[in-house]
Amino acid sequence: MVLLGAFMKYPQTTKSMAVYFRRPVTALLLAGLLPLAMAGQMVSPEIDKQPGPFSYFSKPTDELGVYQAPSGTEVTPEGYLYTGYGELMFFVGPEQTPVSARVRTLEDGYLPVLSYTVTHLGIEYRFTIFSASLGVVQSGGPVVNFVRVTVKNPSNLPRTAFLTTAMRYQAEQTTEVPTGDNRFRRPIEETGIVQVHQPGEAFSKEWTYSCEGDAFLRDGRALYVFPRQPAPRLSLTLRSHYNRMRPLVATKLKVEPTTPASVAAYTVTLAPGASRALDFFMPLEPIQTGTPEFAKLDAARFDDAHREVVAFWRELLGRGMQIELPETKVTDTFRASLIYDLLALNVVDGQFVQTVNQFQYHRFYLRDSADIVRMYDATGYSDIAAQVLSLFPSRQEADGNFLSQPGEYDGWGEALWAFGEHYRRTHDLHFAESVYPLVVRAVDWLVQARAADPLHIMPMSDVKDNEYVAAHLTGYNFLALDGLKSAIELAQATGHTDEARRFQQEYDDYRTCFFKLLDQATRGTDGYIPPSLDGGAGKGTDWGNLLAVTPEPVLDAHDPRVTETLRRVQAQYQEGLATYTEPDDGQFLHHYLTIKNTLTELVRGDQEQVIREFYAELLHTSSTHAGFEYSIRPWGSRDFGGNLAPHGWFAADYRNLLRNMMVREEGDTLHLLSAVSPEWIAKGKTIRVERAPSYFGLIGFALDMPDDGSAVLHLNASFQRPPRKLVLHLPWFMDATAVTADGVAVQMSDNSVELPVSAKEVRIDWHRKPNAATISYAKTVESYKAEYRKRYDHLMATGEMSPATDTWSVPEH
């Protein structure tokens, strides 16, 4: 059973459950030992035969929105548009079949203009959807979803297209949560600027539905605007109880939340090869008729809005770090991930609030935002990083602690580390001086908290999240030491030398106390770093214990304890990803948690493991490059349920990872190309990086490969403070025989060369090793699909899931 690993961390349940894991899923269900949702359901692998790029999720969701807008639109698994106020549905064919579009794409591969095509009865229905503001330069006006449906007859005979649109309040509900499946909950009233909230309105049977001109209304507010030509057949509901003709007058319909209402049905006859476009406009929030905002909505034009949206996002993406690689999936995900995080950046009452997405995680978290800020800083958006950091002071409690959720002490270290990291990258002394008083108060809180704690470390926590254990959490202390190092640096930068010494003394004492406890904890675990410091390896879920090296190295990357922790955690991988276990709830895949290990392996120099995990992380994204958090069972249905994608922490971690693979700091050393894929190295290919920020200034380079036996690296650096060392890493699958920098030979050592900091041109003679790995994203996808089908066939033949032991990994050949 895939859940066996879940119980291994809770040995008290293992004996009683062991005999049942030899029994079929149905027996477990009948015995009441597994809820239906945990029964290892799979989805037919036939979904992977659908045209278009691979999409991991069986029921993907997408996010549309406007930069800095306080809410957004969900594109549902079917392809509908869902907001806080309702859901715009689409039907095709004379029988009005609901669309189902699992595979979607983005314009140019990454811009927030989403498309999908549905083919029905020989007609192609091409949907193009995006959000735009009716204000100036994508801000300050009502947000509207623009939908263009292009119907096309690809045949050599005349054919007729049938398109129907309708609004309902929500989809069917089959779970215990009061919302439609795979939808976020709404409305949720705002209780504070950083708390979860969702604009919207509760369903009412007293709503009045009507039609005015080209707009369907509910209580006098426009739900959506439809084209008048070709003339549609309009009705207030999708069906009539007795198939009667109902007058199109204002009516209280008494419908259910799932009833399609406000219906426009089109019949379009097309000549051979002909096509026609129909444009629909759906405001994010219904707009009252007779207002200036409604006049703007009525006057909106799809092409004008599309042109403005594309220009806006191209300009914004173009001013940051650029990475060009021979695999478009890799770089499209890099670009799309930035957009996903920017779409989750809200401006509320003049304050910048970085949320995780506009859906179920529509709130501010210190821990997520710290990594998102680092991503902005490290990829060329320090101005946006500063905006996000401007909210951090509001999360400092009266006692000096930084807190985003009660009882969770990771925010203390995350906040101080983020302050220090921003200063290291910008050298903005004004920023350092502005946050320094907050840092002093925070350190004072830490001193008092440690003095009051019996172990003299970060206090004990009992929060049912992340590590899921009542204990002194290892990760909180790794992060606290990261934060203290930043406090020391900020004190030094702002001229507070006495405080810097005091902070250093606190750091040294804290480190001594923590390391003594860490030594005790790992002595009984063969070196494995446990999640908690109170009870050995079986207490808690792997989470913060994976932060010994990232974001800052508290332990040396090659410390035996780091090695053993990686070994144990990677032994629990499923589908190439880290697994996450909740007490009494089994095992899940966890997307961005895996990246913590990948970042650690990158520092350790295990290039092959980095690339394997990198492709596994890419594998588990949608065709629009969205990542998830968890909630997906290994080798299960590939459905995250209500834990919707995209997830902003994955987006930030993915960008941080790919950026570090290209350009990475380690103290006073700058590393280039720490890990590259075999797919990127071949005759005629190029790896290009432009305007990459670093602690030392900007750097860019291009690695050109004119033939299979050589490569030329062209460097373009603008260092404000040159690094002490500049290290170029050589791929593990290549044999390099000679390297020269500006015509002078340089010595190779351990698959790397130290270059002169002033180097401009590096020439490499190399050849691919015999039987070298040929890992790629495409091969990873094909291998995964074959393994999934094998397991599905086993389930269909036996009624049982394949054994828990996961023999699949990212393929070499």
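Residues numbered from 1 in each chain as written. Predicted model: local features only at pLDDT ≥ 70, side-chain atom pairs only at ≥ 80, totals over all residues. Heavy atoms only, no water.

> Lay out the overall build of the chain with the relevant residues and their values.
Helix and strand counts for the chain come out as 17 helices and 34 strands. Relative to its length of 813 residues, the chain is compact, with a C-alpha radius of gyration of 28 Å against a globular reference of 28 Å. Across its three principal directions, the C-alpha atoms of the chain cover 80 × 60 × 60 Å. Every one of the 813 residues in the chain was classed for burial, and the buried ones make up 61%. For the chain, long-range pairs separated by at least 24 residues make up 69% of all intrachain contacts whose partners lie at least 6 apart in sequence. With the model as given, the accessible surface of the chain reaches about 30400 Å², and the carbon-plus-sulfur share is 51%. Distance from the positive charge centre (77 side chains) to the negative charge centre (99 side chains) of the chain: 5 Å. (Helix = DSSP H or I, 4+ residues; strand = E, 2+ residues; numbered from the N terminus. Rg over C-alpha atoms; globule rule 2.2 N^0.38 Å. Buried < 20%, exposed > 50% of the residue type's maximum accessible area, 1.4 Å probe, protein only. Contact = heavy atoms within 4.5 Å. Areas by Shrake-Rupley, 256 points an atom, 1.4 Å probe, with all protein chains shown as cover. Lys, Arg positive; Asp, Glu negative; His and termini not counted. Charge placed at Lys NZ, Arg CZ, Asp CG, Glu CD.)

> Let's hear about the pattern of salt bridges: which residues, and what values?
As enumerated under the stated definition, the model contains 56 salt bridges in all. A salt bridge links aspartate 48 to arginine 638; its shortest N-O distance comes to 2.8 Å. Within this pair, whereas aspartate 48 is found in the loop between helix H3 (25-30) and strand E1 (62-64), its partner arginine 638 is found in the loop between helix H15 (607-619) and helix H16 (648-662), the two being separated by 590 residues in sequence. One exposure class covers both aspartate 48 and arginine 638, and it is buried. With a shortest N-O distance of 3.6 Å, arginine 688 and glutamate 324 are connected by a salt bridge. Residue arginine 688 is found in strand E26 (residues 686-692), and its partner glutamate 324 is found in strand E19 (residues 322-324); the two are separated by 364 residues along the sequence. Among the ionic contacts, a cluster of salt bridges with common partners joins Arg374, Glu421, Arg424, Arg425, Glu489, Glu552, Arg659 and Glu665. (Salt bridge = Lys/Arg side-chain N within 4 Å of Asp/Glu carboxyl O.)

> I'd like to hear about the packing of helix H10 (residues 429-452) against helix H12 (residues 497-523), residue by residue, with values.
One way to put it is that H10 packs onto H12 with a least axis distance of 11 Å and a crossing angle of 35°. In this structure, H10 meets H12 at a crossing whose hand is left-handed. Residue-level contacts link Tyr436, Val439, Val440, Val443, Asp444, Leu446, Val447 and Arg450 of H10 to Glu499, Arg502, Phe503, Glu506, Asp509, Tyr510 and Cys513 of H12. Considered class by class, the residues forming the contact of H10 with H12 number 9 nonpolar, no polar and 6 charged. (Axes fitted to C-alpha atoms, helices over the stretch in contact; angles between N-to-C directions. Left-handed = near helix turned anticlockwise from the far one by under 90°. Nonpolar A, V, L, I, M, F, W, Y, C, P; charged D, E, K, R; others polar.)

> Quick rundown of helix H17 (residues 777-798)? Include the residues and the values.
Here H17 spans 32 Å end to end across 22 residues, near enough to the 32 Å set by a 1.5 Å rise per residue. Within the span of H17, buried status applies to Tyr777, Thr780, Val781, Tyr784, Lys785, Glu787, Tyr788, Arg791, Tyr792 and Leu795. Contacts from the buried residues of H17 go to helix H6 (328-343) and H15. Its side-chain oxygen placed 3.1 Å from the backbone nitrogen of lysine 779, serine 776 serves as the N-cap of H17. After H17 finishes, the residue glycine 799 shows a positive phi value of roughly 80°. (Expected span 1.5 Å × (residues − 1). Polar contact = N/O pair within 3.5 Å; in protein donor to acceptor, adjacent residues only side chain to side chain.)

> A description of the nonpolar core should follow, citing residues and the corresponding values.
Core analysis: the largest hydrophobic core is formed by 251 residues, its most contacted members being Trp313, Met661, Met662, Trp680 and Ile687. Take this core: its biggest share by element is 12 residues, from H10. (Core = buried A, V, L, I, M, F, W, Y, C linked by side-chain atoms within 4.5 Å.)

> Explain the sheet that holds E19 residue by residue, including any values.
If you walk across this open sheet you meet the 7 strands as E19-E26-E27-E28-E34-E30-E31, and the pairing is antiparallel. A single partner strand is all that each edge strand has here, and the edge strands are E19 and strand E31 (744-745). Inspection of the sheet shows strand E30 (residues 734-741) paired to strand E34 (residues 761-768) by 7 bridges, in the antiparallel sense. Its bridge partner being in E34, alanine 741 is matched across the sheet by valine 762. Together, E19, E26 and strand E27 (697-707) form the strand contacts of H16, whose direction differs from that of E19 by roughly 75°. (Pairing = 2+ DSSP bridges.)

> Describe helix H14 (residues 591-604), and please don't skip the residues or the numbers.
Along its 14 residues, H14 runs 21 Å from first to last C-alpha, staying within 8% of the 20 Å computed at 1.5 Å per residue. The buried fraction of H14 amounts to 13 of the 14 residues, a majority that puts the element mostly inside the structure.

> Can you tell me about the sheet that holds strand E33 (residues 752-755), naming the residues and giving the values?
Here we have 5 strands laid out as an open sheet, ordered E24-E25-E29-E33-E32, and mixed in their pairing. Two strands bound the open sheet, and with one partner strand each, they are strand E24 (663-666) and strand E32 (748-749). Strand direction decides the pairing type here: E32 and E33, joined by 2 bridges, are antiparallel. Looking at the pairing, serine 749 lines up with serine 752 of E33.

> Could you give an account of the packing of aromatic side chains, naming the residues involved and the relevant values?
Summed over all chains, the structure comprises 49 aromatic pairs. Between the aromatic rings of phenylalanine 203 and tryptophan 207, the centroid separation amounts to 5.3 Å while the plane-to-plane angle is 85°, which identifies the pairing as edge-to-face. The class of tryptophan 207 is buried, set by a relative accessible area of 5%. For the ring pair tyrosine 695 and phenylalanine 696, a centre distance of 6.3 Å and an interplane angle of 65° mean the geometry is edge-to-face. A relative accessible area of 13% means that tyrosine 695 is categorised as buried. (Phe/Tyr/Trp six-rings, centres within 6.5 Å; stacked < 30°, edge-to-face > 60°.)

> I'd like a description of the packing of H15 against H16, backed by residues and values.
As a packed pair, H15 and H16 sit with axes 12 Å apart at the nearest point and diverge in direction by 150°. Along this stretch, H15 crosses H16, giving a crossing that reads as left-handed. In this structure, H15 contributes Val610, Ile611, Phe614, Glu617 and Leu618 to the contact, and H16 contributes Phe650, Tyr654, Leu657, Leu658 and Met661. Taken together, the residues of the contact of H15 with H16 break down into 9 nonpolar, no polar and 1 charged.

> Provide a residue-level description of unusual backbone geometry, including the pertinent values.
Outside of glycine, negative phi angles account for most residues, and trans bonds account for most peptide bonds. A cis amide bond, omega -5°, links arginine 186 with the succeeding residue proline 187. Turning to its location among the elements, proline 187 is positioned in the loop between strand E10 (159-168) and strand E11 (208-212). Of note, the bond from glutamine 229 into proline 230 is cis; its omega dihedral lies within 30 degrees of zero at -5°. Topologically, proline 230 is positioned in the loop between strand E13 (221-225) and strand E14 (233-237). One non-glycine residue, histidine 427, lies in positive phi territory at about 55°.

> How would you summarise the environment of alanine 415 if you had to cite specific residues and measurements?
The residue alanine 415 is located in helix H9 (residues 410-426) in this model. In this structure, the C-alpha to C-alpha distance between alanine 415 and arginine 395, residues 20 residues apart in sequence, is 9.1 Å. Each residue touching alanine 415, except ones within four places of it in the same chain, is listed here: Leu366, Phe392 and Phe402.

> Outline the pairing of strand E21 (residues 351-354), listing residues and values.
Relative to E21, strand E20 (residues 345-348) is paired through 4 bridges, and the arrangement is antiparallel. Along E21, the bridge assignment pairs asparagine 346 with valine 353. Linking two consecutive strands that pair antiparallel, namely E20 and E21, is a turn of 2 residues; a positive phi of about 55° is found at aspartate 349 within it.

> Give a description of the pairing of E34 that names residues and reports values.
Bridge count between strand E28 (residues 710-719) and E34: 5 bridges; the pairing is antiparallel. The residue of E34 that forms the bridge with serine 710 is aspartate 765.

> I'd like to hear about the side chain of threonine 289, residue by residue, with values.
Structurally, threonine 289 can be placed in the loop between strand E18 (287-288) and helix H4 (292-299). Under the relative-accessibility criterion, threonine 289 is labelled buried at 18%. Discounting residues that sit within four places of it in the chain, threonine 289 has contacts with Glu212, Leu217, Gly220 and Phe294.

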